[in-house]
Amino acid sequence: MKLISIKRETRIEGRFTKKMGALQTNVTYIKKQFLSIPYKTIHKYRETYYGEIKDCEDCLLAR
């Protein structure tokens with residue numbers, strides 16, 4: 001059994017951008033786990049409508 005592992009999880013979240021407004025998108029979280037308990041998010045990114053990969057810092061959660 002590994003003590004430290006890395007897991008990738010995708011879920012649908014609501015986001016807001018200035019150009020497109022409110023949208024539902026797949027957000028992928030890469031988390032570090034210790035004994036199967038997540039304790040740190042290493043990176044999170046989303047896939048745009050056109051297939052590009054963008055960092056989640058580009059969009060706001062609310063207006």
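About the thresholds
- Residues numbered from 1 in each chain as written.
- Predicted model: local features only at pLDDT ≥ 70, side-chain atom pairs only at ≥ 80, totals over all residues.
- Heavy atoms only, no water.
- Pairing = 2+ DSSP bridges.
- Helix = DSSP H or I, 4+ residues; strand = E, 2+ residues; numbered from the N terminus.
- Axes fitted to C-alpha atoms, helices over the stretch in contact; angles between N-to-C directions.
- pLDDT = per-residue confidence, 0-100.
- Phe/Tyr/Trp six-rings, centres within 6.5 Å; stacked < 30°, edge-to-face > 60°.
- Lys NZ or Arg CZ within 6 Å of the ring centre and 35° of its normal.

### What about the sheet that holds strand E2 (residues 21-34)?
Here comes step 1: Read across the sheet, 4 strands follow the order E1-E2-E3-E4 without closing on themselves; strand pairing throughout is antiparallel. The outermost strands of the open sheet, each flanked by one partner alone, are strand E1 (4-17) and strand E4 (53-55). With strand direction ignored, the average angle separating the axes of adjacent strands in the sheet is 35°.
Here comes step 2: Sheet topology places E1 next to E2; 14 bridges connect them, and they run antiparallel. Note on E2: the bridge partner recorded for arginine 15 is leucine 23.

### A short note on the confidence of the model for the protein
Here comes step 1: Averaged over the protein, the pLDDT score is 81; the fraction of residues at 70 or greater is 89%.
Here comes step 2: Per-element mean pLDDT across the protein ranges from 79 in E4 up to 88 in E2.

### Here we look at the packing of aromatic side chains
Here comes step 1: Going through the model one piece at a time under the given rule, you end up with 0 aromatic pairs.
Here comes step 2: Note that lysine 31 overlies the ring of tyrosine 29, its terminal NZ or CZ placed 5.5 Å from the centroid.

### A short note on the pairing of strand E3 (residues 37-47)
Working note: regular strand, side chains alternate between the two faces of the sheet.
Here comes step 1: Where E2 lies against E3, 8 bridges are found, and the strand directions are antiparallel. Residue pairing across strands places threonine 28 opposite tyrosine 45, the latter belonging to E3.
Here comes step 2: Once E2 ends, the chain turns through 2 residues before running back antiparallel as E3, passing leucine 35 with a positive phi of about 55°.
Here comes step 3: As paired elements, E3 and E4 share 3 bridges and run antiparallel to each other. Bridged to arginine 46 within E4 is lysine 54.
Here comes step 4: Once E3 ends, the chain turns through 5 residues before running back antiparallel as E4, passing glycine 51 with a positive phi of about 95°.

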